[in-house]
Amino acid sequence: MKDKIHPEYKEVTVTCACGATFKTRSAIGKDTLQADLCSSCHPFYTGKQKFVDTAGRVEKFNRKFGGEYFKKADDKKAKK
Ligand SMILES: [Zn+2]
């Protein structure tokens, strides 16, 4: 590797919002990293439903696309 052009790649401690901590390596230049999800609490790994809702995004989505929105889209597809 070339000298002085590479960021320092060192061990960092990741702290998840669920309280889990684990170590990994990163070039972010800090010793710690805050994560919202990790392999202990992500629905993909837990198999449980979990809403990661910040600032009412789920409500906004439901207001816009909830109710009849997808039913109409399905009707159009069915006619083709
Ligand atoms: Zn977590």
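This section reports on the structure supplied with the text.

Reading guide: rules and limits
Residues numbered from 1 in each chain as written. Predicted model: local features only at pLDDT ≥ 70, side-chain atom pairs only at ≥ 80, totals over all residues. Helix = DSSP H or I, 4+ residues; strand = E, 2+ residues; numbered from the N terminus. Buried ≥ 20, exposed ≤ 12 C-beta atoms within 10 Å, placed from the backbone. Contact = placed C-beta atoms within 7 Å. Pairing = 2+ DSSP bridges. Axes fitted to C-alpha atoms, helices over the stretch in contact; angles between N-to-C directions.

### So, the overall build of the chain
For step 1, the next point in the chain: Within the chain one finds three helices and three strands.
For step 2, the next point in the chain: Starting at the N terminus, the α and β elements of the chain follow one another as β-β-β-α-α-α.
For step 3, the next point in the chain: Classification of the 80 residues of the chain by burial places 0% in the buried group.
For step 4, the next point in the chain: Long-range contacts, defined as pairs at least 24 residues apart, comprise 6% of the intrachain contacts of the chain with a sequence gap of at least 6.

### Topic: the pairing of strand β2 (residues 21-26)
For step 1, the next point in the chain: Taken across its six residues, β2 has zero buried, putting it largely on the surface.
For step 2, the next point in the chain: The pairing of strand β1 (residues 10-16) with β2 spans six bridges and is classified as antiparallel. For Glu 11, the partnering residue across the bridge sits in β2 and is Arg 25.

### A look at the sheet that holds β2
For step 1, the next point in the chain: In spatial order, the strands read β2-β1-β3; together these three strands make up an open sheet with mixed pairing. Sheet topology places β2 and β3 (32-35) at the edges, where each strand pairs with a single neighbour. Adjacent strand axes in the sheet meet at a mean angle of 35° when their direction is disregarded.

### Points about unusual backbone geometry
If a residue is not glycine, its phi is most likely negative; likewise, a peptide bond is most likely trans.
For step 1, the next point in the chain: Phi is positive for Lys 4, which is not a glycine, with a value near 65°.
For step 2, the next point in the chain: Along the chain, the position of Lys 4 falls in the segment before β1.

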